[in-house]
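Descriptive structure summary
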Amino acid sequence: MAGKDVIFLGSFHSPDVIFEQLSVLYAIPRYLAKSLTFILPYFPTATMERIETEGEVATAKTLATMLSSIPSAARGPPHIMVFDIHALQERFYFSHTVIPRLESAIPLLQREIQSLPDQDTISIAFPDDGAFKRFHRMFPDFNTIICAKVRDGKKRIVTVKDGDPKGQHVIIVDDLVMTGGTLKQCGKVLLEKGAMGISAYVTHPVFPQESWQKFTDSDVKFDNFWITDSLPHARDIAQHPPFKLLSLCDVIADTLLGFDLLQ
């Protein structure tokens, strides 16, 4: 690899594979690679980019520190490309010795929307204010709806905070899904408010302990649930309706062709 531009496609989906891939990443520049681009589709610390209680650990900072130790290649600092990281502020967890490149897979959803027969009645919903702030600018031509969790006695319930889903096919958009409880509640309240159909999109289908199964046989019916292959188990999940797999290959290729492969 001496004198070559190296593109390394990795996956930190399990602690079992992180050490071996980091070891390779640390070694590549020492074998005289001209440049190094590390594509990490899913930044695996999920929502742990901050702490709310003293004693918690912001593991996003820990992982960013480990990645920041990758040596520079001959042409300069390594590039670390992540898709739909949970919080854009995480770029500041990396040191100046690497270049974090925070990309998005939302263009895959935009392409799917264009192929829908009812695209004139599409609205985009967000399960919370964070998702709205993050993604609403990517849907300038669509009606938007914001859901929120509110306290009802000792329980927290999901409600429609802003927007009207009546008569609309509503697509709920977020960067990732864990167990899917909030997303399912969001879908339920949208239907109760008059939505004629609901779908969902997440870039990262984490779904621990096969929690995706709550969407395959549910009282809350999703027309489509688009996921990407940022995690290895996504292909297995996509074998079960309403899940549909969108490959990151296209957005990765577009990103590389837009800069890296033109150098």
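What comes next concerns the included structure. (Residues numbered from 1 in each chain as written. Predicted model: local features only at pLDDT ≥ 70, side-chain atom pairs only at ≥ 80, totals over all residues. Heavy atoms only, no water.)

1. A word on the overall build of the chain
- Summing up its helical and strand segments, the chain has 7 helices and 11 strands in all.
- For 263 residues, the compact-globule estimate of 2.2 N^0.38 gives 18 Å, and the chain sits close to it at 20 Å.
- With respect to the principal axes defined by its C-alpha atoms, the chain has extents near 60 × 45 × 30 Å.
- Taking all 263 residues of the chain together, the buried fraction comes to 49%. (Helix = DSSP H or I, 4+ residues; strand = E, 2+ residues; numbered from the N terminus. Rg over C-alpha atoms; globule rule 2.2 N^0.38 Å. Buried < 20%, exposed > 50% of the residue type's maximum accessible area, 1.4 Å probe, protein only.)

2. Examining the environment of Ile124
- Note that Ile124 resides in strand β5 (residues 122–126).
- Sequence-wise, Ile124 and Leu257 are 133 residues apart; in three dimensions their C-alpha atoms are separated by 29 Å.

3. A closer look at the side chain of Asp84
- Among the secondary structure elements, Asp84 is positioned in the loop between β3 (79–83) and β4 (99–103).
- Arg134 provides the closest opposite charge to the buried, salt-bridge-free Asp84, at an N-O distance of 4.0 Å.
- A distance of 2.6 Å separates polar atoms of two side chains, one belonging to Asp84 and the other to Thr203.
- With sequence-adjacent residues up to four places away left out, Asp84 is seen in contact with Glu103, Ser104, Ala105, Ile106, Arg134, Phe135, Asp175, Tyr201, Thr203 and His204. (Lys, Arg positive; Asp, Glu negative; His and termini not counted. Salt bridge = Lys/Arg side-chain N within 4 Å of Asp/Glu carboxyl O. Polar contact = N/O pair within 3.5 Å; in protein donor to acceptor, adjacent residues only side chain to side chain. Contact = heavy atoms within 4.5 Å.)

4. Here we look at the sheet that holds strand β1 (residues 5–9)
- Read across the open sheet, the 4 strands follow the order β1-β2-β3-β4; overall the sheet is parallel. Lying at the two open borders of the sheet, with one neighbouring strand each, are β1 and β4. Taken over all neighbouring pairs, the strand axes of this sheet differ in orientation by 20 degrees on average, direction set aside.
- Pairing analysis gives 5 bridges linking β3 to β4, with the strands arranged parallel. Of the residues in β4, the one forming a bridge with Phe83 is Glu103. (Pairing = 2+ DSSP bridges. Axes fitted to C-alpha atoms, helices over the stretch in contact; angles between N-to-C directions.)

5. Quick look at the nonpolar core
- Formed by 26 residues in total, the largest nonpolar core has its most connected members in Ile172, Leu183, Leu190, Phe207, Phe222, Phe225 and Phe243.
- Those elements giving two or more residues to this core turn out to be β6 (143–152), β7 (155–162), β8 (169–177), α5 (181–192), β9 (197–205), β10 (225–228) and α6 (234–237).
- It is α5 that contributes the most residues to this core, 4 residues altogether.
- If sequence neighbours within four positions are ignored, Ile172 has contacts with Ala125, Pro127, Leu183, Cys186, Gly187, Leu190, Ser199, Ala200, Tyr201 and Phe222.
- Ile106, Val173, Tyr201 and Trp226 belong to the second largest nonpolar core, which has 24 residues in total. (Core = buried A, V, L, I, M, F, W, Y, C linked by side-chain atoms within 4.5 Å.)

6. Some thoughts on the pattern of salt bridges
- This model, assessed by the stated rule, comprises 6 salt bridges.
- In this structure, Lys161 and Asp129 form a salt bridge, with 2.7 Å as the shortest nitrogen-oxygen distance. Of this pair, Lys161 sits in strand β7 while Asp129 sits in helix α4 (residues 129–135), and the two are 32 residues apart along the sequence.
- Residue class for Asp129 comes out partly exposed when judged on its relative accessible area of 29%.
- One salt bridge in this structure joins Arg235 and Asp229, with 3.6 Å as the shortest N-O distance.
- A residue is classified by how much of its surface remains accessible, and Arg235, at 48% relative accessible area, is partly exposed.
- Bridged by salt links that share partners, the residues Asp5, Lys34 and Arg75 form one connected network.

7. Structural notes on the environment of Cys186
- Topologically, Cys186 is positioned in helix α5.
- Separated by 34 residues in sequence, Cys186 and Val220 place their C-alpha atoms 9.8 Å apart.
- Those residues within four positions of Cys186 in sequence are excluded, and the remaining contacts are Pro127, Cys147, Val158 and Ile172.

8. Details of the pairing of β3
- The buried fraction of β3 amounts to 5 of the 5 residues, a majority that puts the element mostly inside the structure.
- Taking every second residue as pointing to the same face, both faces of β3 are buried, with His79, Met81 and Phe83 on one and Ile80 and Val82 on the other.
- As defined by bridge partners, strand β2 (residues 35–40) adjoins β3 across 4 bridges and the pair is classed as parallel. By the bridge assignment, Ile39 is partnered in β3 with Met81.

9. Focus on the packing of aromatic side chains
- Counted according to the given criterion, the structure contains 14 aromatic pairs.
- Judged by centre distance (5.7 Å) and plane angle (75 degrees), the ring pair of Phe126 and Phe132 falls under edge-to-face.
- Owing to a relative accessible area of 0%, Phe126 belongs among the buried residues under this scheme.
- A ring pair is formed by Phe222 and Phe225, whose centres lie 6.1 Å apart and whose planes are at 35 degrees; its orientation type is tilted. The two residues Phe222 and Phe225 agree in class, both being buried.
- Members of the aromatic cluster, each reached through a chain of ring pairs, are Phe207, Trp212, Phe215, Phe222, Phe225 and Phe243. (Phe/Tyr/Trp six-rings, centres within 6.5 Å; stacked < 30°, edge-to-face > 60°.)

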